[in-house]
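Secondary and tertiary structure notes
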Amino acid sequence: MARRFRGFLPVVVDVETGGFNSRTDALLEVAAVLITMDEDGWLQRGETISQHVKPFAGANLEQSALDFTGIDPWAEDRGAVDEAEALREVFNPIRKAIKAHDCKRAVLVGHNATFDHNFVFAAAERADIKRNPFHPFSTFDTATLAGLAYGHTVLAEACKRAGLEFNSREAHSAAYDAEKTADLFCGIVNRWKALGGFPLPEASAEPPESEKPANL
């Protein structure tokens, strides 16, 4: 794994929130899916870690966002915990996986990854977490990768084109969306491998005749 991604461990993350502004709007759910690799170099979806999160003090909650996700932030049966505890429960298995794969850091994989990255980092800052396992700015964005591989950027449609089941009634749960994003990411990387795109072919010492400059 470390050789495949330059020492980074891909970890798929999805968040559900009370709006679009990571600084002011509540983080309500966070899920991370670990990625593993078999002995032949094929990626597979691993463990899912998911937490329901209490809105931080003074957090903004947009009703339109709550209507979209169907989340009641104050429902007692959510089992929600504060941001610091939620992130500790998510980060600890990621750190163990980084060590197990001999990687130096995790890189966040997300569908429109900047959104998830911003909310995770804003929450970690509020919780004063010093050892964030994720790279501070690099991400793998499956919306971009799916646009390249399947000609569509919407998660549900990209999964459909990739031959993956997608239940719209379960969507907008952080765990479900993270697992589907993980399946999509693994499928794209594995397809690239199957097509001969990786490992990279060794450079030939002599260019082919068609690429040699013509004699003047």
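Relevant structure appears above.
Note that this is a predicted model, so its numbers are computed, not measured. (Residues numbered from 1 in each chain as written. Predicted model: local features only at pLDDT ≥ 70, side-chain atom pairs only at ≥ 80, totals over all residues. Heavy atoms only, no water.)

1. Topic: the nonpolar core
- Counting 45 residues, the largest nonpolar core has Val11, Val13, Leu43, Phe91, Ile94 and Phe134 as its most contacted members.
- Sorting the residues of this core by element identifies strand E1 (8-17), strand E2 (27-37), strand E3 (43-52), helix H2 (83-100), strand E4 (105-110), helix H3 (113-126) and helix H6 (174-194) as the ones contributing at least two each.
- When residues no more than four places from it in sequence are discounted, the contact partners of Val11 are Ala32, Val33, Leu34, Ile94, Ala106, Val107, Leu108, Val109 and Phe134. (Core = buried A, V, L, I, M, F, W, Y, C linked by side-chain atoms within 4.5 Å. Buried < 20%, exposed > 50% of the residue type's maximum accessible area, 1.4 Å probe, protein only. Helix = DSSP H or I, 4+ residues; strand = E, 2+ residues; numbered from the N terminus. Contact = heavy atoms within 4.5 Å.)

2. Considerations on the sheet that holds strand E5 (residues 134-141)
- The mixed open sheet is built from five strands, whose spatial order is E3-E2-E1-E4-E5. Each edge of the sheet is formed by a strand with only one pairing partner; in this case those strands are E3 and E5. Taken pair by pair, the neighbouring strands of this sheet meet at an average axis angle of 30°, ignoring direction.
- Alignment of E4 against E5, held across four bridges, turns out to be parallel. Along E5, the bridge assignment pairs Gly110 with Asp141. (Pairing = 2+ DSSP bridges. Axes fitted to C-alpha atoms, helices over the stretch in contact; angles between N-to-C directions.)

3. A word on the environment of Ser64
- Tracing the backbone shows Ser64 in helix H1 (residues 63-69).
- Residue classification places Ser64 among the exposed positions, given a relative accessible area of 55%.

4. Focus: the layout of surface pockets
- Approximately 540 Å³ is the volume attributed to the largest pocket.
- For the lining of the largest pocket, the secondary-structure elements that each account for two or more residues are E1, H1, H3, helix H5 (155-161) and H6.
- Residue composition of the lining of the largest pocket, grouped by class: 10 nonpolar, nine polar and four charged.
- Of the voids in this model, the second largest pocket is the one considered here, and its volume is about 270 Å³.
- Elements supplying a minimum of two residues to the lining of the second largest pocket: helix H4 (142-150) and H6. (1 Å grid on protein atoms, 1.4 Å probe; cavity = no way out; pocket = protein on both sides within 12 Å on 5 of 7 lines; lining within 4 Å. Points joined across faces, edges and corners; volume = space filled by probe spheres on them. Nonpolar A, V, L, I, M, F, W, Y, C, P; charged D, E, K, R; others polar.)

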